[in-house]
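A closer look at the structure
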Amino acid sequence: ESPDAPAKPGLLGRLLGRETKAVVRRTLDDDMLEQLEELLIASDMGVDTALRVTANIAEGRFGKKLSTEEIKDLLAAEIARIMGSVAKPMPIYPKKPQVVLVVGVNGSGKTTTIGKLASQFKAAGKSVVIAAGDTFRAAAVEQLQVWGDRAGVPVLTAPEGSDPASLAYDAMVRAEADGADLLMIDTAGRLQNRKDLMEELAKIVRVIRKKDETAPHNTLLVLDATTGQNALSQVETFQKLADVSGLVMTKLDGTAKGGVLVALADKFGLPIHAIGVGEQIDDLAPFDPEEFARALTG
Ligand code: GDP
């Protein structure tokens, strides 16, 4: 689907929809608020956040008559306000190499995102090295190599089943020797075995700190936006496993239910560095709160 495809009917589109837009005025009463809440919940915003958003809109306006456009604008403004505080590109530090640990469950889009980011950093004049740290999935390593080729970035690998921490260490040595600006380390995403994964991630961190005690400088959690409320529990889990510093939300091209981003922002306040909007190398965009709010309320 092209990014220029007509927007799907947004939330309010469905509620207030084809009615003669601006002329119709509705009273912002309990009934109206309840309908708004339901729509927000249907967009995967979650109950708590949906209630907070509608309460903020109602404040000082309860019982007033508002046009559909005014209600849309209020909702979009409220969502953009919440999202404004989390829309931040991944910070770049004066560190060589800056170590970016990438975590997330299998299938969330980690490999693809690493490829897209590597390509963007390279286009920005940075030299990048990738370490294929999911050494237990041969297919994952191969995929990462494909993405590395696409981005024109070297991908360091280790034999299947070997210790990801030792690969990470070798990658540190190599990135340093090459004078690379960024080292991106892919990691396993087998949540079925949480204890192993925790130990594995902890060991990677311990080992790279032998080379640079300030590393990793970023720990990116990649989340599939189409998993809805599930994304919330993934954040909770990965915050226990690693020191998550920011999020990349993938597959926002495929869902009208981006409401989970609002819930994430409201609940965790973690920066959203970028959004995945397709399967191609250039399909990674900065997160734009205004545009997002417009698309969601549409
Ligand atoms: P990983 O297991 O976490 O490394 O996930 P992958 O990077 O292999 O991605 C899993 C699937 O999601 C692949 O088919 C990707 O093409 C797809 N994917 C990743 N990011 C996006 C995105 O932003 N939009 C869409 N539509 N698909 C994506």
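In the nomenclature of an unreviewed UniProt entry, the protein chain is known as Signal recognition particle receptor FtsY of Thalassovita litoralis. Recorded in UniProt for the protein chain, the comment headed Subunit (unreviewed entry) runs: "Part of the signal recognition particle protein translocation system, which is composed of SRP and FtsY. SRP is a ribonucleoprotein composed of Ffh and a 4.5S RNA molecule." UniProt's Sequence similarities (unreviewed entry) comment on the protein chain is quoted here verbatim: "Belongs to the GTP-binding SRP family. FtsY subfamily."

**Comments concerning the sheet that holds strand β8 (residues 246–250)**
Ordered in space as β5-β4-β6-β3-β7-β8-β9-β10, the 8 strands form an open sheet in which the pairing is mixed. Whereas interior strands pair on both sides, the edge strands pair on one side only; in this sheet they are β5 (155–156) and β10 (284–285). Together, β3 (98–103), β4 (128–131), β6 (182–186), β7 (218–224), β8, β9 (272–276) and β10 form the strand contacts of helix α5 (residues 110–123), whose direction differs from that of β6 by roughly 175 degrees.

**A short note on helix α6 (residues 138–151)**
One full turn of an α-helix is made of 3.6 residues, so residues set three or four places apart face in the same direction. With 14 residues, α6 ought to run about 20 Å at 1.5 Å a step, and its terminal C-alpha atoms sit 20 Å apart, in line with that. Along α6, the residues classified as buried are A140, V141, L144, W147, G148 and A151. Angular distribution of buried residues about the axis of α6 spans 120 degrees; they occupy a single face of the element. Relative to its buried face, α6 has exposed residues pointing more than 90 degrees away, namely A139, E142, D149 and R150. Residues of α6 that are buried make contact with α5, β4, β5 and β6. At the C-terminal side of α6, G152 shows a positive phi close to 70 degrees.

**Concerning the pairing of β3**
Within β3, 6 of the 6 residues are buried, leaving the element largely enclosed by the surrounding structure. Neither face of β3 is exposed, since Q98, V100 and V102 on one face and V99, L101 and V103 on the opposite face are all buried. Bridging between β3 and β6 involves 5 bridges; their strand directions are parallel. Counted as the bridge partner of Q98 is L182 from β6. Across 4 bridges, the pairing between β3 and β7 is parallel. The residue of β7 that forms the bridge with L101 is T219.

About the criteria used
Residues numbered from 1 in each chain as written. Predicted model: local features only at pLDDT ≥ 70, side-chain atom pairs only at ≥ 80, totals over all residues. Heavy atoms only, no water. UniProt positions renumbered as here; feature names shortened; annotations may be inferred. Pairing = 2+ DSSP bridges. Helix = DSSP H or I, 4+ residues; strand = E, 2+ residues; numbered from the N terminus. Contact = heavy atoms within 4.5 Å. Axes fitted to C-alpha atoms, helices over the stretch in contact; angles between N-to-C directions. Expected span 1.5 Å × (residues − 1). Buried < 20%, exposed > 50% of the residue type's maximum accessible area, 1.4 Å probe, protein only. Arc of directions from axis to C-beta.

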